[in-house]
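Working through the structure, step by step
Residue strings, one per chain:
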Amino acid sequence: MQDGPESTRFETLSVTYGEEPTPGDPMTGDVVSPIHLASTYALPGLDTEMSLEDLDPSQGDFVYSRLSNPTRHAVEERIGALEGGEYAYAFSSGTAAIFTFVLSVVEPGDHVVAFDDLYAGTRRMLEDVFRSRLDVDVDFVDATDVENVAAAITDSTALVWLETPTNPRMNMCDVAAIADLAHDADALLGVDNTFMSPYFQNPLALGADAVAHSTTKYLNGHSDSVGGALVTNDERVADEVEFFQTVGVGDMLAPFDSYLLLRGIKTLPMRMERHQENATTVAKYLEDHELVEAVHYPGLESHPQHDLATKQMSGYGGVLSFELAGEFADAKRFLEALTEFTLAVSLGGVESLVELPAGMTHEPLSPEEREALGITDTLVRASVGVEHVDDLLADLDRGFAAMVDGAEFEDPPTADD
């Protein structure tokens, strides 16, 4: 990483950090980092004293794009600055970032404590790869209760892994308290911060050793690039992650996706404010609707962990979930009647998306596993976008009308209703 930013204000870092004139080519003065598609780079001479470990991308040292690329380096600089981390790495997906991190910090025979309410893909990774094939013991616990984490940690625990808030019920973990537990046991704490983005939450500042993102979501923000990132302040962790990224796994974010991510991050602060504003309005509207049995959004005072959310985050994000009254068929009619909310997986883009976890993102889990996590057949997850909120409310009203046989869509509600 380069020297620390002159300004530490998030909005300024989002726009300019990492895009100083192109490293190694100061003559161009690019305001926007160009897309460096080259797979290899010309060397000024043969230096038999320098090893690959001596290369410094901040000084324009590039040899081969699997090791480092100017466009990717720029976005890594920016993400690191936003998360308050000294070392940042960009991957081809969030799954790749998490896999590389876990592979970097655990060995056969180690023990991992993980939140039982994880993204289904991360849970399957821990179960089917690390536990089943790499001889890593993995225990899943309800980490909303710090005591459950404390009880699960053993002398062989090397890593505690969390998501907060969780997908899709927006459950929270006390990052600072769990960080203390992990460190007392000489274990590391990793946190998936995808749902909040560094704008609303900074796990490193709360004591985490590493933070991961699916940059596909809020960091990119436009549903046109898949990527992942990992940030840490731990030099030992950074050395291992860099080794596994470049040598052991060979996974990195492509130059064009790095460019799209750089561009997306420029508007992250404004987008996150609008996402939260709209999500709060939608959550309150849903909370008062007779066809909704429960709303899960940490910005609501009714959320059981609202106080924790307010304590460790500076905002509540743009994702919420809600329980529809009725059965699966009712949820199906509701979802298929929507026109502004697109029925699709993923989240964090400027457009509003909606999905049914039981039949989509969490369908790989058994009915028993879904029931244990509180994922019913009528639980709907919404990623609230940045459209005009009155249009979103009107769309939801359209969906509710479709749930009632013969109901007609009348005057749409407004944000003032």
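A brief report on the enclosed structure follows. (Residues numbered from 1 in each chain as written. Predicted model: local features only at pLDDT ≥ 70, side-chain atom pairs only at ≥ 80, totals over all residues. Heavy atoms only, no water.)

Here we come to the overall build of the protein chain. Helix and strand content of the protein chain: 14 helices and 12 strands. If one aligns the C-alpha atoms of the protein chain with their principal axes, the spans along those axes are about 80 × 50 × 35 Å. Within the protein chain, buried positions represent 54% of all 417 residues. Put simply, of all contacts in the protein chain between residues at least 6 apart along the chain, 72% involve residues at least 24 apart. Within the structure as shown, the protein chain displays about 17900 Å² of accessible surface, and the carbon and sulfur contribution to it stands at 49%. Each charge class in the protein chain can be summarised by its mean position, and for the 22 positive and 76 negative side chains these summaries are 5 Å apart. (Helix = DSSP H or I, 4+ residues; strand = E, 2+ residues; numbered from the N terminus. Buried < 20%, exposed > 50% of the residue type's maximum accessible area, 1.4 Å probe, protein only. Contact = heavy atoms within 4.5 Å. Areas by Shrake-Rupley, 256 points an atom, 1.4 Å probe, with all protein chains shown as cover. Lys, Arg positive; Asp, Glu negative; His and termini not counted. Charge placed at Lys NZ, Arg CZ, Asp CG, Glu CD.)

Moving on, we get to the sheet that holds strand β10 (residues 342–343). The 5 strands lie next to each other as β8-β9-β12-β11-β10, forming an open sheet whose pairing is mixed. Here the strands that pair on one side only, and so sit at the sheet edges, are β8 (292–296) and β10. Direction of pairing for β10 relative to strand β11 (residues 353–355): parallel, over a ladder of 2 bridges. Considered in β11, the bridge of T342 is made with L353. Against the sheet, helix α12 (residues 328–337) contacts β9 (319–324), β10, β11 and β12 (379–383), and its axis sits at roughly 135° relative to β9. (Pairing = 2+ DSSP bridges. Axes fitted to C-alpha atoms, helices over the stretch in contact; angles between N-to-C directions.)

What follows covers unusual backbone geometry. Going from T164 to P165, the amide bond is cis rather than trans, its omega being -5°. Mapped onto the fold, P165 is located in the loop between β4 (157–163) and α6 (175–184). Going from N167 to P168, the amide bond is cis rather than trans, its omega being 10°. Turning to its location among the elements, P168 is positioned in the loop between β4 and α6. In the Ramachandran plot, D186 falls in the positive-phi region, its phi being about 60° despite a non-glycine side chain. Position of D186 among the secondary structure elements: in the loop between α6 and β5 (188–192). Using a relative accessible area of 72% as the deciding quantity, one classes D186 as exposed. Of note in the backbone geometry, S346 takes a positive phi value of approximately 80° without being a glycine. Summarising the element assignment, S346 is placed in the loop between β10 and β11.

Attention now goes to the nonpolar core. If you look at soluble globular proteins, the nonpolar side chains tend to sit buried side by side. Counting residues in hydrophobic clusters, the biggest one holds 63 residues, and the most contacted among them are L286, L320, F322, F334 and F400. Sequence-distant contacts of F322, defined by excluding residues within four places in its chain, comprise L286, V292, A294, V295, H296, F334, T378, L379, V380 and A382. In terms of nonpolar packing, the next biggest core, distinct from the first, is built from 47 residues, L126, A187, L189 and V191 among them. (Core = buried A, V, L, I, M, F, W, Y, C linked by side-chain atoms within 4.5 Å.)

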